[in-house]
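Geometric and topological summary
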Number of protein chains: 2
Amino acid sequence: MMTESNKENREDLPIGVFDSGVGGLTVVKEIMNQMPNERIVYFGDTARVPYGSKSKDTIVRYSRQIVRFLLEQNVKAIAVACNTASAYAVPEIEAECPVPVIGVIRPGAKTAVEGTKNGRIGVIGTRATISSESYTDYIRQIMPEAKVYGQACPLFVSLVEEGLWEDPVTDEIARRYMASLIDRKIDTLIMGCTHYPLIRKTIGRAVGSDVLLVNPAYETARELRKMLETRSLITKRGYELGSPVPQYRFYVSDMAGQFQRFANSIIKYGILAAEKIDIYKYSAEPL
Amino acid sequence: MMTESNKENREDLPIGVFDSGVGGLTVVKEIMNQMPNERIVYFGDTARVPYGSKSKDTIVRYSRQIVRFLLEQNVKAIAVACNTASAYAVPEIEAECPVPVIGVIRPGAKTAVEGTKNGRIGVIGTRATISSESYTDYIRQIMPEAKVYGQACPLFVSLVEEGLWEDPVTDEIARRYMASLIDRKIDTLIMGCTHYPLIRKTIGRAVGSDVLLVNPAYETARELRKMLETRSLITKRGYELGSPVPQYRFYVSDMAGQFQRFANSIIKYGILAAEKIDIYKYSAEPL
């Protein structure tokens, strides 16, 4: 494990990003694009994935363990890349954590409000994310008159992870999930799970080309940048190839090899290694 | 929590059964049918489900925690109802555990060998179960000349849990998974995941009516009975409706309500309540 030098500037510390598994890499990809000089420490909870079918209590416990691990890695800020963890655990973590925290829900909600013309917004996500009604709450804070329609799409994650990104089966399942949203005449759809942008084309075909698709990952990276700028936490350092300091570090709680294969299909960056760590040793109690 | 009286006869203690989630209830159902006087304590690890995509190390850790919980419930024997946990953790647990342990793999392998005529046996299961080659190992111990062909069917669990038991999408996915097994001219197919018997008809249509389908849950209950008889551990007590001792107790690590709904669709018995317990407090170290 790398230990940070004490004399290192706070703004040069890495950004911590976590997810229930591999999906959060879509957020990492956006951070890499929008802030190429920032270092990133990523944690994917592959030993306990998925979060989307689990309770708030369990998701908060798991998230606290991960935040403790990331703080030990001396991160300057934490991005919760998982929609389910953002919906259920960000309020707790924000209140407890000594470094700034950002989730994907608020940025996604904001973009949807900016994009809608008829005020009818659809949200798709895991069962837990939809039940939480977090997107609805944030949207209504900005646009009280908005109509928000949630639709859980529990099969999408498995279909994406099995690689059926362009497949008649995924098309058929997408048509079923989108039917009620089409009936509601939504003009904007939030893809409220990090896996969904990977089947963006399928979702677009099913919901119709007139509907604006919102990818919270993109907007989260933008909001994270603003947050770091406001707090003078943007690094001024540049990084060069072959630098002795690893710019990106990836950790998982299980199956490092499989993570690496899937990761490379998402970020196309060449993840050199993912390291398995013992997440169970971190306390799940409030920080 | 109920505590057992010390003067209670050993054979009247409950049987412990565990699974990664709800699927193991297919084994419970068989135990209820075949040994209606036996008490059962069931644990479903719904906070960490599924096991089928996780590593041996993680599955062994989780299984040890569960065994500790079941031993605290004073069980007389343990049935590992999950194929993945049976494949990866039964050898360790058998060696460490003070009460007899049975998994689903050995009974399933035995039935397949008894059923095959051409010695060509297919096995379907999670990625972890198929990678472990446990069914292959047990089959070859009894029938060294057998040809065993494994096929991971990772989408089946999600499709079953989403209720698509009779659905064109499940038919299409089943056809794809079965194609290579049909090419291999298998005459016997082990349904090596507790969820699969719930889509037995779909699997049967896809693989062809000439292929014998083996449900290890049935055979595991039969073997468990034999094991208990051999060790004089079969209860002689009868139970009556309204008995003060709860005959069946169900515990989960998360989402007790959802478990109950799905459970009732499997056992059709009326599970009165499932209780959530804190599985994290049990050590994952060797017993």
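Only a predicted model underlies this, so the values are computations on that prediction, with no experimental measurement involved. (Residues numbered from 1 in each chain as written. Chains lettered and ligands numbered in written order. Predicted model: local features only at pLDDT ≥ 70, side-chain atom pairs only at ≥ 80, totals over all residues. Heavy atoms only, no water.)

**Observations concerning the side chain of Thr 129 of chain B**
Residue and element names in this part refer to chain B.
- With respect to the element layout, Thr 129 can be found in helix H5 (residues 127-132).
- Among the polar contacts made by the side chain of Thr 129, one reaches the side chain of Thr 84 at a distance of 3.1 Å.
- A polar contact of 3.0 Å, which involves the side chain of Thr 129, links it to the side chain of Thr 126.
- Those residues in contact with Thr 129 that sit more than four places away from it in its chain are Asn 83, Thr 84, Ser 134, Tyr 135 and Gly 192. (Helix = DSSP H or I, 4+ residues; strand = E, 2+ residues; numbered from the N terminus. Polar contact = N/O pair within 3.5 Å; in protein donor to acceptor, adjacent residues only side chain to side chain. Contact = heavy atoms within 4.5 Å.)

**A closer look at the relation of the copies chain B and chain A**
- Superposing chain B onto chain A requires a rotation of 180° together with a translation of 0.0 Å along the rotation axis, leaving an RMSD of 0.0 Å. Considering both components of the superposition, the chain copies are consistent with a two-fold axis. For chain B, the residue whose C-alpha comes nearest the rotation axis is Arg 48 of chain B, separated from it by 2.5 Å. (Least-squares fit on C-alpha atoms with pLDDT ≥ 70 in both.)

**Section: the pairing of strand E1 (residues 15-19) of chain B**
All names here are of chain B.
- When you tally the buried positions in E1, you get five out of five residues, the bulk of the element.
- By the alternation rule, side chains of E1 split into Ile 15, Val 17 and Asp 19 and Gly 16 and Phe 18, which are all buried.
- Here five bridges tie E1 to strand E2 (residues 40-44), and the two strands are oriented parallel to one another. Note on E2: the bridge partner recorded for Phe 18 is Phe 43.
- Since E1 and E2 lie parallel, the crossover through helix H1 (residues 25-34) that links them has a hand, and here it is right-handed. (Buried < 20%, exposed > 50% of the residue type's maximum accessible area, 1.4 Å probe, protein only. Pairing = 2+ DSSP bridges. Right-handed = clockwise from strand over helix to strand, strands pointing away.)

**Comments concerning the packing of H1 of chain B against helix H11 (residues 256-267) of chain B**
Residues and elements named next belong to chain B.
- For the pair H1 and H11, the least separation of the axes is 10 Å and the interaxial angle reads 45°. On the basis of their axis angle, the class for H1 and H11 is oblique. The way H1 lies across H11 gives a crossing that is right-handed. Mapping the contact onto sequence places Leu 25, Thr 26, Lys 29 and Met 32 in H1 and Phe 259, Ala 263, Ile 266 and Ile 267 in H11.
- Grouping the amino acids of the contact of H1 with H11 by side-chain chemistry returns six nonpolar, one polar and one charged. (Axes fitted to C-alpha atoms, helices over the stretch in contact; angles between N-to-C directions. Parallel < 35°, antiparallel > 145°, perpendicular 65-115°, else oblique. Left-handed = near helix turned anticlockwise from the far one by under 90°. Nonpolar A, V, L, I, M, F, W, Y, C, P; charged D, E, K, R; others polar.)

**Some remarks on helix H2 (residues 56-72) of chain A**
- Compared with an ideal rise of 1.5 Å per residue, which puts 17 residues at 24 Å, H2 of chain A spans 24 Å between its outermost C-alpha atoms and is within 8% of the ideal.
- Positive backbone phi, approximately 65°, marks Asn 74 of chain A, located one or two places after H2 of chain A. (Expected span 1.5 Å × (residues − 1).)

**Re the interface of chain B and chain A**
- The interface of chain B with chain A comprises 31 residues on the first partner and 31 residues on the second.
- Counting the surface lost from both chain B and chain A, the interface buries some 2,400 Å², and carbon and sulfur atoms represent 49% of this.
- The largest per-residue losses of area from chain B upon contact with chain A belong to Leu 155, Glu 162 and Tyr 280 of chain B, which jointly make up 20% of the total buried on that side.
- Between the two partners, chain B and chain A, sit six salt bridges.
- Between Glu 162 of chain A and Arg 127 of chain B there is a salt bridge whose closest N-O contact spans 2.6 Å.
- Where chain B touches chain A, the interface holds 19 residue pairs in polar contact (both at pLDDT 80 or more). (Buried area = accessible area lost by both parts, 1.4 Å probe. Salt bridge = Lys/Arg side-chain N within 4 Å of Asp/Glu carboxyl O.)

**A short note on the sheet that holds strand E3 (residues 77-80) of chain B**
Residue and element names in this part refer to chain B.
- If you trace the six strands from one edge of the open sheet to the other, you get E4-E3-E1-E2-E9-E10, paired in parallel fashion. Taken across any chain shown, the strands that pair with only one partner, and hence form the sheet edges, are strand E4 (101-103) and strand E10 (274-276). Along the sheet, successive strands turn relative to each other by an average axial angle of 20°, direction set aside.
- Across four bridges, E1 lies against E3 in parallel orientation. What sits directly across from Val 17, in E3, is Ala 79.

**Some points on the nonpolar core**
- Counting 153 residues, the largest nonpolar core has Phe 156 and Met 178 of chain A together with Phe 156 of chain B as the members making the most contacts within it.
- Phe 156 of chain B has contacts with Ile 124, Ile 173, Ala 174, Tyr 177, Met 178, Tyr 196, Ile 199 and Ile 203 of chain B, leaving out every residue within four places of it along the chain. (Core = buried A, V, L, I, M, F, W, Y, C linked by side-chain atoms within 4.5 Å.)

**Considerations on the sheet that holds strand E7 (residues 188-191) of chain B**
Residue and element names in this part refer to chain B.
- Strand order in the open sheet formed by four strands is E6-E5-E7-E8, with parallel pairing between adjacent strands. In this open sheet, the two edge strands, each paired with only one partner strand, are strand E6 (147-152) and strand E8 (212-214). Averaged over all adjacent pairs, the angle separating strand axes in this sheet is 25°, with direction ignored.
- Its contacts with the sheet place helix H6 (residues 134-142) against strand E5 (120-125), E6 and E7, and it is angled at close to 165° to E6.
- The strands touched by helix H8 (residues 168-183) are E5, E6 and E7; relative to E6, the strand with the most contacts, the crossing angle is about 165°.

Coordinates in, geometry out; function isn't part of it.
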